[in-house]
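Breakdown of the fold
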Amino acid sequence: MIMKKFAYPIKARILASALSVAAIAVSAAESGKSIVSGELWPDDKGIHINAHGGGVLFHQGVYYWFGEHKVAGGAGNTAQVGVGVYSSRDLCQWKNEGIALGVDDDPKSDIAKGCILERPKVIHNAKTGKFIMWFHLELKGQGYGAARSGVAVADQVTGPYRFLGSFRPNAGVWPSNVSDGMKKPLAPEESDRLSKVAMPGNFVPEFARDWVFRRDFAGGQMARDMTLFVDDDGAAYHIYASEENSTLQISRLSDDYLKPAGKYIRVFPLAFNEAPAMFKCRGKYYLFSSGCTGWAPNAARLAVADSIWGPWQALGNPCSGPADRIGKTFDSQSTFVLPVEGKKDAFIFMADRWRPDNAIDGRYVWLPVRFGKDGRPFLEWMDRWDMDAFNNR
Ligand code: DGJ
């Protein structure tokens, strides 16, 4: 008998999914020291790792993986718990270190339980000794309209992190890569016209007028999907999907990493990139991203620049393999690029395979970043791999 897809109720689906993934868990656990993308990844207690949209910080010999702690069902697409953290020395076996930043039971808090808290990233400030977390924050009950950045700080890498506040970055600052003629707030009639335009997350003619960053000059730039990047000289950058998702922005952070430093650029205006993930190799900056199709995967994009301030050059889809797989980034969306310690030019592309119907069951796709003969990075599917993939290249 052919069952109609999703003909049975969501609770049954969640249970069935949990049972079928439990069987897979055994094989993933047995793998011990290898990466098996898309399967269950048991932590030290045998529970699937719960750190979605995450990023990894290497500190004193240990990797710390921070990510969104999801709950079962659709409610998991909002923050019911907070940001989880796991530790590992080998990138394959992970210990659950608990909740690094918890949501607040106070409904007046910016991070009230039920807000949307996505893509947390943590960096360490060598000068202050603090650990700093940035994340994409949407205020409870406002959908994706707030488009803010949240910042939290801790003395210990695993936390607890103290929430400092949230805001739209770069209020009152013009991007440094636009002409002087564009550095003017919208006229009242332009504002009025823009306020009547629905912003569906793809192109509408008003975008072509570069109105959105000008609209947001006074109140700060919209900041949704985001990552952080720390350069060799210790300068840190916040990279985020802005301007109604139409344009990425790269923004320097202050020396203490707690706020924007007052310099930023617009990257690929009107190209609708999200899910940014940056790395640096042999003096070049690389930026993975995706298109904007909600939780559904689409084709990855890669860009390169000699300076973080650009110019950025689009390199197209970095995935290699059968068309149906590479058109959807192996059913995943980028979140971070993890430099592997002690190995030269070794980077792991970290991505999420979202499960919005049962958010806690989202899977992880990790692939080694490979380099072609021309030096260009690319990604290829691997059923199972380990850190030896970085040897003898
Ligand atoms: C795509 C983003 O990359 C995710 O982080 C999340 O915000 C979803 N959109 C929501 O639809």
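Structure: see above.
What comes next concerns the included structure. (Residues numbered from 1 in each chain as written. Predicted model: local features only at pLDDT ≥ 70, side-chain atom pairs only at ≥ 80, totals over all residues. Heavy atoms only, no water.)

**Re unusual backbone geometry**
Negative phi is the rule for most residues except glycine; trans is the rule for most peptide bonds. We count it as follows: Strands here are runs of E lasting at least two residues and helices are runs of H or I lasting at least four, both read from the DSSP assignment and numbered beginning at the N terminus. Residue burial is assigned from relative accessible area. The probe radius is 1.4 Å, only protein chains are included, and a residue is buried under 20% of its type maximum, exposed over 50%, and partly exposed in between.
Here Gly159 and Pro160 are connected by a cis peptide whose omega angle stands at 10°. Counting through the fold element by element, Pro160 comes out in the loop between strand 7 (148-154) and strand 8 (162-167). Put simply, Gly310 and Pro311 share a cis peptide bond, and its omega is 5°. Note that Pro311 resides in the loop between strand 15 (301-305) and strand 16 (313-316). Positive phi is not limited to glycine here, since Ala275 has a value of about 55°. Structurally, Ala275 is set in strand 13 (residues 274-281). The buried category is assigned to Ala275, whose relative accessible area is 0%.

**Quick word on the site of the ligand**
Here is the rule: Residues are counted as near a molecule or strand when any one of their heavy atoms sits within 4 Å of it. Polar contact is defined as a pair of N or O atoms within 3.5 Å, subject to the rule that within protein one atom must be able to donate a hydrogen and the other to accept it, and that residues adjacent in sequence are counted only when both atoms are side-chain atoms. A 1.4 Å probe and the Shrake-Rupley method give the accessible areas. Residues count as covered only by the protein chains that appear here. Under this grouping Gly is polar, as are all residues other than the nonpolar Ala, Val, Leu, Ile, Met, Phe, Trp, Tyr, Cys and Pro and the charged Asp, Glu, Lys and Arg.
Within the structure, the ligand sits among Glu118, Arg119, Tyr144, Asp225, Glu274, Gly294, Trp295 and Gln333. Measuring from an oxygen atom of the ligand, one finds a side-chain N or O atom of Glu118 at 2.7 Å. Contacts to the ligand include Gly294, whose backbone N or O atom sits 3.4 Å from a nitrogen atom. Protein contact buries 89% of the 300 Å² of open area that the ligand shows by itself. A per-class count over the shell around the ligand returns two nonpolar, two polar and four charged.

**Quick word on the pairing of strand 19 (residues 347-353)**
Here is the key point about a regular strand: its side chains alternate between the two faces of the sheet. The element strand 19 is largely enclosed, with a buried count of seven among its seven residues. Here strand 19 shows no split at all, with Phe347, Phe349, Ala351 and Arg353 on one side and Ile348, Met350 and Asp352 on the other all buried.

**Considering the environment of Asp331**
Definition in use: Throughout, a residue-residue contact means that at least one pair of heavy atoms, one from each residue, lies within 4.5 Å.
Inspection of the secondary structure puts Asp331 in the loop between helix 4 (323-326) and strand 18 (333-339). Sequence separation between Asp331 and Gly283 is 48 residues; the distance between their C-alpha atoms is 30 Å. Not counting residues within four places of it along the chain, the set of residues in contact with Asp331 comprises Pro297, Arg325, Asp352 and Arg353.

**Focus: the state of the cysteines**
This is how it is decided: What counts as a disulfide here is a pair of cysteine sulfur atoms lying within 2.5 Å.
This structure, assessed with the given rule, holds zero disulfides. Of all cysteine sulfurs, the one in Cys319 lies closest to Cys292, which takes part in no disulfide; the gap is 17 Å.

**Focus on the pattern of salt bridges**
Heads up, the rule is: Whenever a carboxyl oxygen of Asp or Glu lies within 4 Å of a side-chain nitrogen of Lys or Arg, that contact is scored as a salt bridge.
Enumeration according to the criterion identifies 25 salt bridges in this entry. Measuring nitrogen to oxygen at the nearest pair gives 3.3 Å for the salt bridge that ties Arg119 to Asp225. Of this pair, Arg119 sits in strand 5 (residues 116-124) while Asp225 sits in the loop between helix 3 (212-215) and strand 9 (226-230), and the two are 106 residues apart along the sequence. Overall, Arg119 belongs to the buried group, its relative accessible area being 2%. One salt bridge connects Asp192 with Lys196, and the closest N-O pair in it is separated by 2.8 Å. A network of salt bridges, in which partner residues are shared, links Arg168, Arg215, Asp216 and Glu244.

**Digging into the packing of aromatic side chains**
The criterion, for reference: Note on aromatic contacts: the rings of Phe and Tyr and the six-membered ring of Trp form a pair at centre separations within 6.5 Å, being stacked when their planes are under 30 degrees apart, edge-to-face when over 60 apart, and tilted otherwise.
The full count for this structure, using the stated rule, is 23 aromatic pairs. Ring geometry for Trp134 and Phe167: centres 5.8 Å apart, planes at 90°, overall edge-to-face. Of the two residues, Trp134 sits in strand 6 (residues 131-138) while Phe167 sits in strand 8, which places them 33 residues apart along the sequence. Judged by its relative accessible area of 0%, Trp134 is buried. Judged by relative accessible area, which is 24%, Phe167 ranks as partly exposed. Pairing Trp174 with Phe217 gives two aromatic rings, centres 3.9 Å apart and planes at 10°, and the pair type is stacked.

**Quick notes on the sheet that holds strand 15**
Put simply, the rule reads: Should DSSP find at least two bridges between two strands, the strands are regarded as paired. Axis lines are fitted to C-alpha atoms, over the contacting stretch for helices. Their N-to-C directions set the angle, which ranges from 0 to 180 degrees.
Here we have four strands laid out as an open sheet, ordered 13-14-15-16, and antiparallel in their pairing. Sheet topology places strand 13 and strand 16 at the edges, where each strand pairs with a single neighbour. Within this sheet the neighbouring strands show an average axis-to-axis angle of 25°, counted without direction. In this structure, strand 14 (residues 284-290) lies alongside strand 15, joined through five bridges in antiparallel fashion. Within strand 15, the residue paired with Tyr286 across the bridge is Val304.

**Description of the sheet that holds strand 1 (residues 52-59)**
Strand order in the open sheet formed by four strands is 1-2-3-4, with antiparallel pairing between adjacent strands. For this open sheet the edge positions go to strand 1 and strand 4 (95-102), each flanked by a neighbour on one side alone. Each strand axis lies, on average, 25° off the axis of its neighbour in the sheet, ignoring direction. Bridge count between strand 2 (residues 62-69) and strand 3 (residues 82-88): seven bridges; the pairing is antiparallel. Its bridge partner being in strand 3, Glu68 is matched across the sheet by Val83.

**Considering the side chain of Ser149**
By the element assignment, Ser149 lies in strand 7. Filtering out sequence-adjacent residues up to four positions away, Ser149 remains in contact with Trp134, Phe135, Gly165, Ser166, Phe167, Pro169, Ala223 and His238.

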